[in-house]
Amino acid sequence: MTYEFLQHYWCFVVALLGALLVFLLFVQGANSVATSLGRTEEGKRLVYNATGRKWEFTFTTLVTFGGAFFASFPLFYSTSFGGAYWLWMLILLTFVLQAVSYEFQNKLGNFLGPRTFQFFLTLNGIFGPLLLGAAVATFFEGSNFIIEKNNLIDPTAVTPIISRWANASHGLDALLNPWVLVFGFAVVFLARTLGILYVMNCVDDEDIRSRGSVRLIGTAVPFVLLFVAWLVHLLLKDGFAYTDEGVICMQPYKYLTNFTHMWYLLLLLLAGVVLVLFGIVKTVVSSNYNGGIWPAGVGTVLTVLALLLCSAWNHTAYYPSTADLQSSLTMANSCSSEFTLRVMFYVSLLVPFVLAYIVYCWRAIDKKKLTREEIQSDHAY
């Protein structure tokens, strides 16, 4: 195992966790359409209880994603999480509101009322995917930061920190980039699409299933349009490349070149897109089919995985700086030591066992379809 192999390996692991996180945003997506999907108070509770079975998976994956990034690429962690902290704090705030809302919306003594916490769930359902999508889009569009490694050994440095943000917005300036917003809203509508597919699959209620097919069209069409527009923009734009000496430079059609050079990522992307469209179309045209969440979910993971790997592999700066081009982060200049990556590699061999446990728990939770009778129990949200 060479140092370069370990860098690529951990980039793959982090990208896979990010792809799984985007898939699990179906929890947020379903909550954002709970009012129209459930229509009645009882119908909305069905939606909230369906997503309430899975919200811990999303939160845990978000934390694991951040932890894996910190362990394998600490300079990215300190630069993004430490510099763009307003963006990440807003993301964490929406997820904290989600956790609190599930537990307290129907508790005795809730003086704010259930609708207050349901509003928080809707807020998380919209802004959670939007802000996470915006954060991912900066891997391709760039962020305003400056790396100054000499500060650690410069006795005259006022603050011995490696990286700093180039303006006072601390990450919120990314929302001023229209293509960041395009991708962010594409993630919002993708989360809604996956959320509707999931609720139709796990809730045994004909009213919700019939309404879900109609709502699915209203979310899938904007998603496809936004994603195609952003993907065309990505393939035609200049990208951030680096030479063997570590010099960052702009390269025309960099991401298109990456997909042509790494044909397996292109196949992964195409397979993912086809699976997502298959899950959506078959659910819409077939009244008896409610398993669209699985092909669409697998397709989402494959698509996001291909995009994230395209942003880092093949001599690409995965976290480019728009303030100072040479401050852009690559796998080579931002990763942990070879010893750290090697030790973590052996630890990561336990991941399949963890995934097997997650699959087991998932199947046990969804073994029985959710019904209106079940939400009347004391253990329902």
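Report on the accompanying structure. (Residues numbered from 1 in each chain as written. Predicted model: local features only at pLDDT ≥ 70, side-chain atom pairs only at ≥ 80, totals over all residues. Heavy atoms only, no water.)

1. A short note on the pattern of salt bridges
Condition: A pairing counts as a salt bridge when a side-chain nitrogen of Lys or Arg comes within 4 Å of a carboxyl oxygen of Asp or Glu. A run of DSSP states H or I qualifies as a helix once it reaches four residues; a run of E qualifies as a strand once it reaches two. Both are numbered from the N-terminal end. Burial classes: relative accessible area under 20% of the type maximum marks a residue as buried, over 50% as exposed, and values in between as partly exposed (1.4 Å probe, protein chains only).
The tally for this structure, following the rule as stated, stands at two salt bridges. A salt bridge links D207 to R211, with the shortest nitrogen-to-oxygen separation between them at 2.9 Å. Taken together, the residues span about one helical turn, with D207 and R211 both in helix α10 (residues 206-236) at a distance of four residues. Owing to a relative accessible area of 10%, R211 belongs among the buried residues under this scheme.

2. As for empty space enclosed by the protein
Our working definition: Residues are said to line a cavity or pocket when one of their atoms sits within 4 Å of a point; the points come from a 1 Å grid over protein atoms alone, cavities being sets where a 1.4 Å probe fits but cannot get out and pockets being open sets with protein on both sides within 12 Å along at least five of seven lines. Grid points are joined across faces, edges and corners, and a volume is the space filled by probe spheres set on the points. By the convention adopted, Pro, Cys, Tyr, Trp, Phe, Met, Ile, Leu, Val and Ala count as nonpolar, Lys, Arg, Asp and Glu as charged, and the other residues, Gly among them, as polar.
Under the counting rule described, the total for this entry stands at two cavities of 30 Å³ or more. Volume-wise, the largest cavity comes out at about 260 Å³. Residue lining of the largest cavity: 29 residues in total, with W88, L132, A135, V136 and F139 positioned closest to the centre. At the level of secondary structure, the elements contributing two or more residues to the lining of the largest cavity comprise α1 (3-24), α5 (55-72), α6 (74-83), α7 (85-104), α8 (114-141), α9 (178-202) and α13 (293-310). With six residues, α8 is the largest single contributor of residues to the lining of the largest cavity. Counted by class, the lining of the largest cavity contains 21 nonpolar, seven polar and one charged residues. Put simply, the second largest cavity is a space of about 130 Å³. In terms of lining residues, the second largest cavity is bounded by C11, V14, A15, F65, F69, F73, F139, L308, S311, A312, Y318 and M331. Put simply, the parts of the chain that give the lining of the second largest cavity at least two residues each are α1 and α5.

3. Details of the state of the cysteines
Note the cut-off: Here, two cysteine sulfur atoms that lie within 2.5 Å of each other are counted as a disulfide.
Throughout the structure, instances matching the rule amount to zero disulfides. Summary of cysteine pairing: C202 is not part of a disulfide, and the nearest cysteine sulfur, belonging to C361, is at 16 Å. With no disulfide of its own, C335 has C11 as its nearest cysteine by sulfur position, at a separation of 11 Å. Judged by relative accessible area, C335 falls into the buried class, the value being 14%.

4. Some thoughts on the side chain of K44
Keep this limit in mind: Residues are treated as being in contact if the distance between any of their heavy atoms lies within 4.5 Å.
Inspection of the secondary structure puts K44 in helix α4 (residues 41-52). Not counting residues up to four positions away in its chain, the partners in contact with K44 are A34, T35, G38, R39 and Q118.

5. A few points about a nonpolar patch on the surface
The condition that has to hold: Grouping into patches uses exposed residues only, defined as over 30% relative accessible area, and leaves out salt-bridged ones; the cut-off is 9 Å for like charges and 5 Å for nonpolar side chains (Val, Leu, Ile, Met, Phe, Trp, Tyr). Where accessible areas are quoted, they stem from the Shrake-Rupley method and a 1.4 Å probe; at the residue level, only the protein chains shown are allowed to cover.
On the surface, a nonpolar cluster with roughly 630 Å² of combined accessible area is contributed by Y85, W86, M89, L90, L92, L93 and L172. Following the sequence through the fold, L90 ends up in helix α7. For L90, a relative accessible area of 34% gives the class partly exposed.

6. Looking at the environment of A271
Mapped onto the elements of the fold, A271 is located in helix α12 (residues 263-285). A relative accessible area of 33% places A271 in the partly exposed class. Sequence separation between A271 and V304 is 33 residues, and the spatial gap between their C-alpha atoms is 11 Å.

7. Observations regarding the packing of helix α11 (residues 254-261) against α12
Note the threshold: Only the stretch in contact is used when fitting a helix axis, every axis being a line fitted to C-alpha atoms; angles between N-to-C directions are given from 0 to 180 degrees. We call two directions roughly parallel when the angle between them is under 35 degrees, roughly antiparallel when it is over 145, roughly perpendicular when it lies between 65 and 115, and oblique otherwise.
Two elements in contact, α11 and α12, have axes whose closest approach is 4 Å; the angle formed by their N-to-C orientations is 100 degrees. Classified by the angle their axes make, α11 and α12 are roughly perpendicular. Listed contacts from α12 to F259, T260 and H261 of α11 are W263, L265, L266 and L269. A per-class count over the contact of α11 with α12 returns five nonpolar, two polar and no charged.

8. Quick notes on the layout of surface pockets
The space that makes up the largest pocket amounts to roughly 1100 Å³. Considering the residues around the largest pocket, the lining is formed by 32 residues, among which L17, L20, T61, L355 and I358 are closest to the centre. In terms of residue count, the dominant contributor to the lining of the largest pocket is α1 (nine residues). A per-class count over the lining of the largest pocket returns 24 nonpolar, six polar and two charged. When its volume is computed, the second largest pocket comes out at roughly 260 Å³. Along the walls of the second largest pocket sit 17 residues, with F223, F227, V273, V276 and T303 positioned nearest its centre. Of all the secondary-structure elements, those providing two or more residues to the lining of the second largest pocket are α9, α10, α12 and α13. Taken together, the residues that form the lining of the second largest pocket break down as 15 nonpolar, two polar and no charged.

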